Structures are given as C-alpha cells and as structure tokens.
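# Chains, contacts and geometry: an overview
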Amino acid sequence: MSLGFYVDVQRCIGCRTCQVACKDRHNLQAAGPRTRRVGSFECGMYPEVGMFHLTVSCNHCDDPACVAGCPTGAMFKSDDGTVQHVDDCCVVCRNCMITCPYGAPQFDEDENMIVKCDACKALREDGRNPVCVDACPMRAIEFGDVDELRAKHGDAVSELPVLPSAATTQPNLLLHASPEAQRSDFNEVVL
C-alpha cells in the first residue's frame, strides 16, 4: 500500500491555510522552514494570461531520494508507506535536502534539525486526517491510499511542467490539474 496526497489544483485558491496549519502542527517559526508549501504561478502573455496555485509537501515517494541519500537511516520508508524522519538518528548533514527533487526536507535553524511532512502520523494513528486536509477551506487536499485516490479521481496526474519528473522518485502525489497548471510558460510570483 502507498499513501499519498491528492490535490485539486483547480480548487486551490492560494490562501496558504494548509501551510499555516502545517507550520502550527509542527511548531515551526513563521520565518522558518515550511513542510507544506504553497506556490503561486502566472502563465501566458496578454491577452491570454492565467494563474494557478500549487500546494506541495513530502510526496512520500515509492523510491524516495532522501531515503537513499541519508547516511544514517534517519530518513526511512515506514510500514504505512510514508517517508518518516527520526531526529535522534539525524546528523544534520543535509544530504536529504540535496537529493530530494521536491525540496521536502528542510533545515530548521532554531532546532538545528531536519524537518519534513510526516503526513501527520500521530493524527492518522488517532483516526484523523493530516492537518492540511482538514484546514483547507476549499477541500482541495485529500490523503489516503493512492490506488483508492486514483480510482476516485480518474483524471489525476503525477506530473506538471512546474514539478520535477515523476520518473525520478515515483511520488505518491496525484493532481487534478487546471489548464493553467499544464502550461510550460509559467513564472512563480510572490503574492
């Protein structure tokens, strides 16, 4: 079984509520790392312009580069299919940050530690959703068995021009892409 996220890019309004909820859950400082990140992108040229927002975290890949690059085993693929991090084993070499094409592992300067999305393992063990799922006011994020999510959302893709190739790590990320998100003439913007 592989667990992962489904994101409806057409529903995401870029409000960053998921990002804030994730930072709060992990007790991360406002200016520090973001284990869930929302990017805003513009595409096209006048009069054919568009915009989209994309929320990403750890994609809990089937072939995670961060796990392969971790010299101590601090980054590992757990029995439930998610990629987890053990702080006590981490030597903060940052190799996981270098190898992950999605930028999921990040360095927390205040704690001198690597942090990343754990898919809210403690909440899930208590029968609840990851905090980003419940925080999203547009209900644009779902989490669960990737095969079930793929069956439910038949049009979902794992690649967009704005993301690295899925062939690299086999991410457990499914996306309902807006027409704008499928364009290759995008630029990230700060809102």
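Structure first, text after, so check above.
Presented here is a report on the structure given in the accompanying data block. (Residues numbered from 1 in each chain as written. Predicted model: local features only at pLDDT ≥ 70, side-chain atom pairs only at ≥ 80, totals over all residues. Heavy atoms only, no water.)

Attention shifts here to the nonpolar core. Formed by 42 residues in total, the largest nonpolar core has its most connected members in Phe-5, Val-9, Leu-54, Leu-160, Leu-163 and Leu-175. At the level of secondary structure, the elements contributing two or more residues to this core comprise strand E1 (3-8), strand E2 (37-45), strand E3 (48-56), strand E7 (113-115), helix H5 (131-135), strand E8 (141-145) and strand E9 (173-176). By size, the runner-up hydrophobic cluster in this structure holds five residues, among which are Tyr-6, Leu-149, Ala-156 and Leu-174. (Core = buried A, V, L, I, M, F, W, Y, C linked by side-chain atoms within 4.5 Å. Buried < 20%, exposed > 50% of the residue type's maximum accessible area, 1.4 Å probe, protein only. Helix = DSSP H or I, 4+ residues; strand = E, 2+ residues; numbered from the N terminus.)

Turning our eyes to something else, we now look at the sheet that holds E9. Read across the sheet, three strands follow the order E8-E1-E9 without closing on themselves; strand pairing throughout is mixed. On the outer flanks of this sheet lie E8 and E9, each paired with one strand and no other. Strand-to-strand, the axes of this sheet are offset by a mean angle of 20°, without reference to chain direction. As judged from the four bridges shared by E1 and E9, these two strands associate in the parallel manner. Residue pairing in the sheet places Tyr-6 in a bridge with Leu-174 of E9. (Pairing = 2+ DSSP bridges. Axes fitted to C-alpha atoms, helices over the stretch in contact; angles between N-to-C directions.)

A word on a negative patch on the surface. On the surface, Asp-87, Asp-88, Glu-109, Asp-110 and Glu-111 cluster together into a patch of negative charge. In this structure Asp-87 comes out as partly exposed when scored by relative accessible area, which is 41%. (Patch = residues over 30% accessible without salt bridge, like charges linked within 9 Å, V, L, I, M, F, W, Y side chains within 5 Å. Areas by Shrake-Rupley, 256 points an atom, 1.4 Å probe, with all protein chains shown as cover. Salt bridge = Lys/Arg side-chain N within 4 Å of Asp/Glu carboxyl O. Lys, Arg positive; Asp, Glu negative; His and termini not counted. Charge placed at Lys NZ, Arg CZ, Asp CG, Glu CD.)

Turning next to the pairing of E1. Among the six residues of E1, six are classified as buried, and the element is accordingly described as predominantly covered. In terms of strand pairing, E1 meets E8 through five bridges, oriented antiparallel. Along E8, the bridge assignment pairs Gly-4 with Gly-144.

The next subject is the packing of aromatic side chains. Think of a pair of aromatic rings as described by two things: how far the centres are apart, and how the planes are tilted against each other in angle. Evaluation of the coordinates by the stated rule reveals three aromatic pairs. For the pair Phe-41 and Phe-52, a centre-to-centre distance of 5.0 Å together with 20° between the ring planes defines the contact as stacked. Taken as a pair, Phe-41 in strand E2 and Phe-52 in strand E3 lie far apart in primary sequence, eleven residues in all. Residue Phe-41 is classed as buried on the basis of its relative accessible area, which comes to 8%. Given the relative accessible area of 2%, Phe-52 is considered buried. Measuring from ring centre to ring centre gives 6.0 Å for Phe-41 and Phe-186, while their planes differ by 85°; the resulting arrangement is edge-to-face. Remark: Phe-186 occurs in strand E10 (residues 186-189) and Phe-41 occurs in strand E2; sequence separation between them is 145 residues. Using a relative accessible area of 25% as the deciding quantity, one classes Phe-186 as partly exposed. (Phe/Tyr/Trp six-rings, centres within 6.5 Å; stacked < 30°, edge-to-face > 60°.)

Moving on to helix H1 (residues 17-25). Residues of H1 that are buried include every one of Cys-18, Gln-19, Ala-21, Cys-22 and Lys-23, and no others. Residue Asn-27 follows H1 closely and has a positive phi angle near 55°.

Turning next to the sheet that holds E10. The three strands are arranged E3-E2-E10 in an open sheet whose pairing can be described as antiparallel. Of all strands in the sheet, those bounded by a partner on one side alone are E3 and E10. The average angle at which neighbouring strand axes cross in this sheet is 30°, direction not considered. As paired elements, E2 and E10 share four bridges and run antiparallel to each other. Counterpart to Cys-43 in the pairing with E10 is Phe-186.

That's the geometry; what it means functionally is another story.
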